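Descriptive structure summary
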Amino acid sequence: MNPFDRIFNRYRNFPDVDLNQGRSIAYSRSTTRRMMELIDANGHGNVHGGVIMRMVDEAAAIVAIKHSQSPTVVTARVERFDFLAPAFIGDVVAVHCTMHYVGRTSMEVGVEVTAEDLINREVRKIASSYVIYVSLDENRKPRPVPPLQPADEEEAKIIEHARQRRLRRQKIDEEFKQLQAANDAQ
């Protein structure tokens, strides 16, 4: 059997998801780790930023898939991506991801990236990001996802901060659309 047929058949029928059953942040939290090798280097001898970005996208998608119980989630937006310090060849890069906000079909995943020097055990925060995913159904149309329910006061604060960030983002998007429309009219 063609391996692509196997993948297609595996996800032909999506599981039913109870949209009334909320999930906590802890439900889908995930960490991915990988040692950086020569193939990951840029011309300066550091780990290439694109390697870190790919790791972030893949690790954050795991959180979105776990929360939505949908095998098909797509990256809709990278809200921020801040590089704070370099990672080096031989470091173990860890990508820590947590769900921060859930809309009807979209999900915001917060990401913190660290690099650990295995010899001296120093751990450095090297990047952070917010990545937004949309869950898709069998026809590649947006699919509703379960709500995000805080399990405690700390989770409630994370969700509220993300909700405020989403409102600011929507306001900026609307202002940008108006500016584009004005420029297009000229």
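Residues numbered from 1 in each chain as written. Predicted model: local features only at pLDDT ≥ 70, side-chain atom pairs only at ≥ 80, totals over all residues. Heavy atoms only, no water.

For the protein chain, an unreviewed UniProt entry supplies the name Acyl-CoA thioesterase and the organism Dictyobacter vulcani. UniProt, in the comment section headed Sequence similarities (unreviewed entry), describes the protein chain in these words: "Belongs to the acyl coenzyme A hydrolase family." (UniProt positions renumbered as here; feature names shortened; annotations may be inferred.)

Here helix H3 (residues 49–68) spans 28 Å end to end across 20 residues, near enough to the 28 Å set by a 1.5 Å rise per residue. Within H3 the residues assigned to the buried category are Val51, Ile52, Met55, Val56, Ala59, Ala60, Ala61, Val63, Ala64, His67 and Ser68. Taken together, the buried residues of H3 touch helix H2 (25–28), strand S1 (30–35), strand S2 (73–83), strand S3 (92–102), strand S4 (106–116) and strand S5 (123–135). Phi turns positive one or two residues past the end of H3, at Gln69, with a value near 55°. (Helix = DSSP H or I, 4+ residues; strand = E, 2+ residues; numbered from the N terminus. Expected span 1.5 Å × (residues − 1). Buried < 20%, exposed > 50% of the residue type's maximum accessible area, 1.4 Å probe, protein only. Contact = heavy atoms within 4.5 Å.)

Before going further, it helps to examine the pattern of salt bridges. In a structure, side chains of opposite charge can pair up when their charged atoms sit close to one another. This structure, assessed with the given rule, holds 12 salt bridges. Between Glu58 and Arg54 there is a salt bridge, with its nearest N and O atoms 2.7 Å apart. Of the two residues, Glu58 and Arg54 both sit in helix H3, 4 residues apart, roughly one turn of that helix. Taking the relative accessible area as the measure of exposure, Glu58 reaches 43% and is therefore partly exposed. Relative accessible area serves as the criterion here: at 57%, Arg54 is assigned to the exposed category. Here Asp91 ties to Arg124 by a salt bridge, and the two come within 2.7 Å at their closest N and O atoms. A residue pair is termed long-range when its members are at least 10 positions apart, and Asp91 in the loop between S2 and S3 and Arg124 in strand S5 qualify at 33 residues. Comparing Asp91 with Arg124 shows no difference in burial state: the two are buried. (Salt bridge = Lys/Arg side-chain N within 4 Å of Asp/Glu carboxyl O.)

Counting residues in hydrophobic clusters, the biggest one holds 32 residues, and the most contacted among them are Ile52, Val93, Val95, Val111, Val113 and Tyr133. Breaking this core down by element, the ones donating at least two residues are H3, S2, S3, S4 and S5. When residues of this core are assigned to their parent elements, the largest contribution, 9 residues, is made by H3. Other than its neighbours up to four places away in sequence, Val113 contacts Ile52, Val56, Val93, Ala94, Val95, Arg124, Lys125, Ile126 and Ala127. (Core = buried A, V, L, I, M, F, W, Y, C linked by side-chain atoms within 4.5 Å.)

Below, the discussion takes up helix H4 (residues 153–185). Its 33 residues place the ends of H4 48 Å apart at the C-alpha level, agreeing with the 48 Å of an ideal helix rising 1.5 Å per residue. Of all the residues in H4, the buried ones are Glu155, Ile159, Ala162, Arg165 and Arg169. Buried positions along H4 lie against H2, S2, S3, S4 and S5. A distance of 3.2 Å separates the backbone nitrogen of Glu154 from a side-chain oxygen at the start of H4, and that oxygen is part of Asp152. (Polar contact = N/O pair within 3.5 Å; in protein donor to acceptor, adjacent residues only side chain to side chain.)

A few words now on the environment of Ile126. Mapping Ile126 onto the fold places it in strand S5. For Ile126 and Leu84, which are 42 residues apart along the polypeptide, the C-alpha to C-alpha distance reads 4.8 Å. Aside from chain neighbours lying at most four places away, what touches Ile126 is Ile52, Asp82, Phe83, Leu84, Ala85, Pro86, Ala87, Val93, Val113, Thr114 and Ala115.

On to the sheet that holds S4. Spatial ordering of the open sheet is given by S1-S3-S4-S5-S2, a layout of 5 strands whose pairing is antiparallel. Bordering the open sheet on either side are S1 and S2, each of which pairs with just one other strand. Going from strand to strand, the sheet's axes swing by 25° on average, the running direction of each strand aside. Contacts from H3 reach S1, S2, S3, S4 and S5, with the element oriented near 45° to S3. Each of S2, S3, S4 and S5 is contacted by H4, which is oriented at about 80° to S3, the strand it contacts most. (Pairing = 2+ DSSP bridges. Axes fitted to C-alpha atoms, helices over the stretch in contact; angles between N-to-C directions.)

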